[in-house]
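Examining the three-dimensional arrangement
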There are 2 protein chains.
Amino acid sequence: MSDGTPAPVRPTLEEVARVAGVSRATVSRVINGSPRVSPDVLVVVEKAIAELNYVPNRAARSLAARATMSIALVVPENAHRFFGDPYFADVVQGISERLDDSDYVLNLQLTHPSSPSEKTRRYLLGGNVDGAIVVSHHSGDHFLASLGRSLPVVFGGRPLGQIANPGDYYIDVDNRLGARRGVEHLIARGRTRIATITGPADMPAAVDREMGWRDALAGAGLSDHRIAHGDFTEAGGIRAALVLVDEHPDLDAIFVASDLMASGVLLALEERGLRVPTDVAIVGFDNSPYATRGRIGLTTVAQPSLEMGVVMADTLLRLLAGEQVEHVTMMETSLVVRDSS
Amino acid sequence: MSDGTPAPVRPTLEEVARVAGVSRATVSRVINGSPRVSPDVLVVVEKAIAELNYVPNRAARSLAARATMSIALVVPENAHRFFGDPYFADVVQGISERLDDSDYVLNLQLTHPSSPSEKTRRYLLGGNVDGAIVVSHHSGDHFLASLGRSLPVVFGGRPLGQIANPGDYYIDVDNRLGARRGVEHLIARGRTRIATITGPADMPAAVDREMGWRDALAGAGLSDHRIAHGDFTEAGGIRAALVLVDEHPDLDAIFVASDLMASGVLLALEERGLRVPTDVAIVGFDNSPYATRGRIGLTTVAQPSLEMGVVMADTLLRLLAGEQVEHVTMMETSLVVRDSS
DNA sequence: TTGAAAGCGCTAACAT
DNA sequence: ATGTTAGCGCTTTCAA
């Protein structure tokens, strides 16, 4: 294409047919692996395909077959939030792995967190994809929330109550129970003045983890007034930790709703001269690379993010294949104990 | 789509035409913003479109117009490498921003680093996209290297010598000069026993930065034998730093080919009881978030990654518009001085 | 097992 | 300014 060189003309199915000396229908059958092709014809056609370096035109194929064989991964986040969070890396990797075994290709649509652009809308509704996976932990997006009515959609993470449709499919972990187990571990270690740093209030995962923290404290008859709000970023973790130690100097443990924030908490505590875990024990959530990158290994509630990606893709694929699929898939968390508790 | 509910039938252009009482051609003109439509007809058609909730079918449109209005971002990395590197986040953000102002949609193709799958090949060659941006810092991939012959392609980063085609388009920074300036800064600070930690030898950026390091040392008559090889990961930075201080205990500075690795170097030096910058001065490369996340701010060679993304997209867009475009765009690096030097 | 023929939903000359 | 008419490259009945 350089320098105005005309684009190389791609051979069409018709030319393959001509070269092979068969009809277009037969070539089409070969391409689609139909059993109704005699072995010798198959050889001839495949030779012609190889010879011409033929690659089927997908637009034409989609149009005729009414299937695009591609699915969208919709991420209502800006690139930085998306890339900064190792959770997404795992999910995407998992989805890719599952899709590698299928005929579908993935294409990623980054959209604005608040309201997907008209372009995204058109893309999703314009017959570009056969289905979509939405990894959104945000509420408030009406279009995405109702996307399931126009297209097979699988959500990563439970949609927030008010926008969930009964027919939705989603994959999630039991954030509440996981958080509870994490806090119970702190209690078992003898901690009694346990604070928490939450995630954004518009994310179900954040809300659920806070509830799990309360569950555990209530179960042990402990007070749940030590709380600060974060935003799932490291800087937010630092800020929240400073607020917490100033307001509740007596705290002896913090359950932090994400490892990324917990990593900030570690920095903040060090700055204040507090030792982990001697003075303050920490439990994070995710078991992301951040849990092991500092000098102090982070005790954390692990979620199987990669596997969640696999299951999301698998669920959508089965949906597309017309199978009956469970609407909700809950995956297990587990506690990983390291230095910080 | 839940529970086998039949997919809602999407209205076609023909139905819009019928409802509006005009021909299909007219509706098509309205959709494509042709000026050859009378104001009153335009109103009627737009009303019909809104009423029917019509969204054009892109496959049909692509087929007829011979343009897909979408471009591929090809990333020959696994999800973890891709997500782990803030450089990519910036580039993607930049590309997205530029594309937001255009009619093109982006779709991201993660492929295996060594050899893109047959699926990727088919996707790229099957008329799914009008052009591609390849952000590869790897050599050895013949398919991607020659992709420019079948499709308008812009490369992020210079392709390695042996696989570069004269007609290729690429956007890069002057890694060599940037590295040289970084090392010269160390020399100006009075350092004389300056080591380096390189990136993978199959990446042009890594090779160029090493050469820049040599340039600076040669210019000052200093020795360039203190060298260790890394892999652009934090763990690799740690390993390389340990090797370096063991083999060359006299070193007083290290030029590290990426901030991510430099962040590992900081950890390693601390472990060895070496103070930064008192005992050892450090200069990184990228000016990524890692440069500012630790206690010690990292002096680093900044590259305008986000803007590079913008320029990549812009270059491809102009190429697609049939404009004459420069083959090589070099962008400037700049030195950001912080605590570590 | 194979071929002929009729579209899939849209755009783009060419008329008018 | 608007309509008519051919396709774009493929899949898919329907016959043979």
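Residues numbered from 1 in each chain as written. Chains lettered and ligands numbered in written order. Predicted model: local features only at pLDDT ≥ 70, side-chain atom pairs only at ≥ 80, totals over all residues. Heavy atoms only, no water.

For the rest of this paragraph, the subject is the interface of chain A and chain B. With 61 residues of chain A at the contact, the number on the chain B side is 60 residues. In total, about 5000 Å² of surface goes out of reach between chain A and chain B, with carbon and sulfur atoms giving 52% of it. On the surface where chain A and chain B come into contact, there are 2 salt bridges. Put simply, Arg 295 of chain A and Glu 270 of chain B hold a salt bridge, and the shortest N to O gap is 3.2 Å. (Contact = heavy atoms within 4.5 Å. Buried area = accessible area lost by both parts, 1.4 Å probe. Salt bridge = Lys/Arg side-chain N within 4 Å of Asp/Glu carboxyl O.)

On inspection of all chains with the given rule, the structure shows 9 aromatic pairs over all chains. Grouped by ring-pair contacts, the aromatic residues Phe 82, Phe 83, Tyr 87 and Phe 88 of chain A together with Phe 82, Phe 83, Tyr 87 and Phe 88 of chain B constitute a single cluster. In this structure, Arg 209 of chain A is placed above the aromatic ring of Phe 285 of chain A, and the distance from its NZ or CZ to the ring centre is 3.8 Å. (Phe/Tyr/Trp six-rings, centres within 6.5 Å; stacked < 30°, edge-to-face > 60°. Lys NZ or Arg CZ within 6 Å of the ring centre and 35° of its normal.)

Our focus in this paragraph is the protein's contact with DNA strand D. The immediate surroundings of DNA strand D are formed by 27 residues, with Leu 13 and Tyr 54 of chain A together with Arg 29, Ser 38 and Val 41 of chain B found nearest. Considering DNA strand D, the proportion of its atoms within 4 Å of the protein that are sugar or phosphate atoms stands at 57%. The backbone of Asn 57 of chain A places a nitrogen or oxygen atom 3.1 Å from a phosphate oxygen of DNA strand D. Measuring from a base nitrogen of DNA strand D, one finds a side-chain N or O atom of Arg 24 of chain B at 3.1 Å. Listed by contribution, the elements that provide at least two residues to the surface near DNA strand D are α2 (24–31) and α4 (58–65) of chain A together with α2 (24–31) and α4 (58–65) of chain B. A class-by-class count of the residues in the surface near DNA strand D yields 13 nonpolar, 7 polar and 7 charged. (Near = heavy atom within 4 Å. Polar contact = N/O pair within 3.5 Å; in protein donor to acceptor, adjacent residues only side chain to side chain. Helix = DSSP H or I, 4+ residues; strand = E, 2+ residues; numbered from the N terminus. Nonpolar A, V, L, I, M, F, W, Y, C, P; charged D, E, K, R; others polar.)

Bringing the pattern of salt bridges into the picture now. Residue and element names in this part refer to chain A. Applying the stated criterion to the full structure yields 34 salt bridges over all chains. Note that Arg 214 is salt-bridged to Glu 210, the shortest N-O span being 2.6 Å. With Arg 214 and Glu 210 both in helix α10 (residues 204–220) and 4 residues apart, the pair spans about one turn of that helix. Judged by relative accessible area, which is 19%, Glu 210 ranks as buried. In this structure, Arg 214 engages Asp 224 in a salt bridge whose closest nitrogen and oxygen atoms are separated by 3.0 Å. Of this pair, Arg 214 sits in helix α10 while Asp 224 sits in the loop between α10 and β7 (227–229), placing them 10 residues apart in sequence. (Buried < 20%, exposed > 50% of the residue type's maximum accessible area, 1.4 Å probe, protein only.)

Further remarks concern the UniProt feature "domain: HTH lacI-type" (unreviewed entry) in chain A. Feature annotation in UniProt places "domain: HTH lacI-type" (unreviewed entry) on residues 11–65 of chain A, given in this structure's numbering. Helix makes up 69% of residues 11–65 of chain A and strand 0%. Its end C-alpha atoms lie 20 Å apart. (UniProt positions renumbered as here; feature names shortened; annotations may be inferred.)

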